[in-house]
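What the coordinates show
One-letter residues, chain by chain:
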Amino acid sequence: MNPQRPANTFRTPPQQGPRPKAGNASAQRPASSGRASSTQKRDSGRFAKVRRFIRQQPLLERIYWIMLKTFLWLFFGSFGYVIILKYVPVWVTPLVVSRWADTFGTDESSHVYKKWRPYEKISKEAALAVVSSEDQNFPTHWGFDFDEIQDAIKENQTRKRPRGASTISQQVAKNVFLWNGRSYIRKGLEVYFTALIELIWGKKRILEVYLNVAETGPMTFGVEAASQRYYGHSAASLSRDEAARIAAVLPNPRLFSIKKPSNYIQRRTRQIARQMRYLGGQKYIRNL
């Protein structure tokens, strides 16, 4: 046997040199804490200087308080409006007003076809059709489909026409609360309202609102108005093919027609109907 044994590396080595005095706590503090505290003091000092400067300028102080009050009014007002619309039908949206205003000075009729129907009085084939066509992950996501967003970003690098990745929740937030257009401000507000309705409304209410406010044809909004205008009966009795055709025109209801479907719309209608069967039928949205 080898009489030499390896040293115990887990044993604490003996301390070398004199121990620091217990009372000298400041010497044991790391230098970084002193730098952090000095940085915080500088930041607080700068903030105090800004506040003093604003107070010395009556006009700036007045603008500051106006902006702060406006922000608070908008924040709490939007929050309250979302709560109200959880229980009250959405009769008018910015999109409806915009389309109505666009008819001024033209030969187009300004009559708006729109009829609100509760979720229970709309065929579940219509609900399943829009989910199958627009947002298949609607029952499970929290307002944003990040996988679809990543796929759209990759595809749009080579596509001539950019592909969108908006969920049904995002479309409802845009149609009900916001204006048309593309800007970072509008997109930021869309994210804000999408999160609010997901939190306050829930999936069933979001889908109910979508089925009532989505543009389904020229001056036509909601599946009830589309069903009565183009099929001659209520949305409560929509068949699978009829619901699939309504969903097929949603990407551009002013260009595509439910009444006179093109070959593309007919082909897309069949694809949506197949997808509805693939998802398992109405049980896919039963527990929203």
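The preceding data block contains the structure.
Rules behind the numbers
- Residues numbered from 1 in each chain as written.
- Predicted model: local features only at pLDDT ≥ 70, side-chain atom pairs only at ≥ 80, totals over all residues.
- Heavy atoms only, no water.
- Helix = DSSP H or I, 4+ residues; strand = E, 2+ residues; numbered from the N terminus.
- Expected span 1.5 Å × (residues − 1).
- Buried < 20%, exposed > 50% of the residue type's maximum accessible area, 1.4 Å probe, protein only.
- Contact = heavy atoms within 4.5 Å.
- 1 Å grid on protein atoms, 1.4 Å probe; cavity = no way out; pocket = protein on both sides within 12 Å on 5 of 7 lines; lining within 4 Å.
- Points joined across faces, edges and corners; volume = space filled by probe spheres on them.
- Nonpolar A, V, L, I, M, F, W, Y, C, P; charged D, E, K, R; others polar.
- Pairing = 2+ DSSP bridges.
- Patch = residues over 30% accessible without salt bridge, like charges linked within 9 Å, V, L, I, M, F, W, Y side chains within 5 Å.
- Areas by Shrake-Rupley, 256 points an atom, 1.4 Å probe, with all protein chains shown as cover.
- Salt bridge = Lys/Arg side-chain N within 4 Å of Asp/Glu carboxyl O.
- Lys, Arg positive; Asp, Glu negative; His and termini not counted.
- Charge placed at Lys NZ, Arg CZ, Asp CG, Glu CD.
- Axes fitted to C-alpha atoms, helices over the stretch in contact; angles between N-to-C directions.
- Parallel < 35°, antiparallel > 145°, perpendicular 65-115°, else oblique.
- Left-handed = near helix turned anticlockwise from the far one by under 90°.
- Core = buried A, V, L, I, M, F, W, Y, C linked by side-chain atoms within 4.5 Å.

**A closer look at helix α7 (residues 184-200)**
With 17 residues, α7 should reach 24 Å at 1.5 Å per residue; the first-to-last C-alpha distance of 24 Å fits that figure. If you check which residues of α7 are buried, you get R186, E190, F193, T194, L196, I197, E198 and I200. Positive backbone phi, approximately 90 degrees, marks G202, located one or two places after α7.

**Focus: the side chain of T167**
Tracing the backbone through its elements, the reader meets T167 in the loop between α5 (146-156) and α6 (168-177). Take T167: its relative accessible area is 1%, and that puts it in the buried class. When near neighbours in sequence (up to four residues on either side) are disregarded, T167 contacts D135, H141, G143, F144 and D145.

**Regarding empty space enclosed by the protein**
Counting across every chain of the model gives one cavity of 30 Å³ or more. Here the largest cavity is characterised by a volume of approximately 40 Å³. For the largest cavity, the full set of lining residues is V130, Y210, L211, A214, T216, G222, V223, I246 and L250.

**Re unusual backbone geometry**
Notably, M219 is not glycine yet its phi reads approximately 55 degrees, a positive angle. By secondary structure assignment, the location of M219 is in the loop between β2 (215-217) and β3 (220-221).

**Description of the layout of surface pockets**
To find leftover empty space, a probe the size of one water molecule is rolled over the atoms. Taken as a whole, the second largest pocket holds about 190 Å³ of empty space. In terms of lining residues, the second largest pocket is bounded by F71, L74, F75, S78, L189, Y192 and F193. Of all the secondary-structure elements, those providing two or more residues to the lining of the second largest pocket are α2 (58-85) and α7. The element that contributes the greatest number of residues to the lining of the second largest pocket is α2, accounting for four residues. Broken down by class, the residue content of the lining of the second largest pocket amounts to six nonpolar, one polar and no charged.

**Some points on the sheet that holds β2**
Pairing within the open sheet is mixed, and its three strands lie in the order β1-β3-β2. Taken across any chain shown, the strands that pair with only one partner, and hence form the sheet edges, are β1 (113-114) and β2. Pairing between β2 and β3: two bridges, direction antiparallel. By the bridge assignment, G217 is partnered in β3 with T220.

**A short note on a positive patch on the surface**
A surface patch of positive charge is lined by R267, R270, R274 and R277. The residue R274 is located in helix α11 (residues 263-278) in this model.

**As for the packing of helix α9 (residues 223-231) against helix α10 (residues 240-248)**
Direction vectors running N to C along α9 and α10 enclose 110 degrees, while the axes themselves pass 11 Å from each other. Judged on the interaxial angle alone, α10 and α9 are roughly perpendicular. Crossing hand, α9 versus α10: right-handed. Here α9 contributes V223, A226 and Y231 to the contact with α10, which in turn contributes E242, R245 and I246. For the contact of α9 with α10, a count of residues per class yields four nonpolar, no polar and two charged.

**Quick look at the nonpolar core**
One recurring pattern in soluble globular proteins is that nonpolar side chains are buried together. Judged by nonpolar contacts, the single largest core of 50 residues is most densely connected at V130, I168, V172, F177, W201 and L207. For this core, the elements supplying multiple residues, two or more each, are α2, α4 (124-134), α6, α7, α8 (203-213), α9, α10 and α11. Sequence-distant contacts of V172, that is, excluding residues within four places in its chain, are made with F177, I197, W201, I206, V209 and Y210.

**Description of the environment of I200**
Along the chain, the position of I200 falls in helix α7. The spacing of I200 and F79 is 121 residues in sequence and 9.3 Å in space, taken between C-alpha atoms. Apart from the residues within four sequence positions on either side, I200 is in contact with F79, V82, I83 and K86.

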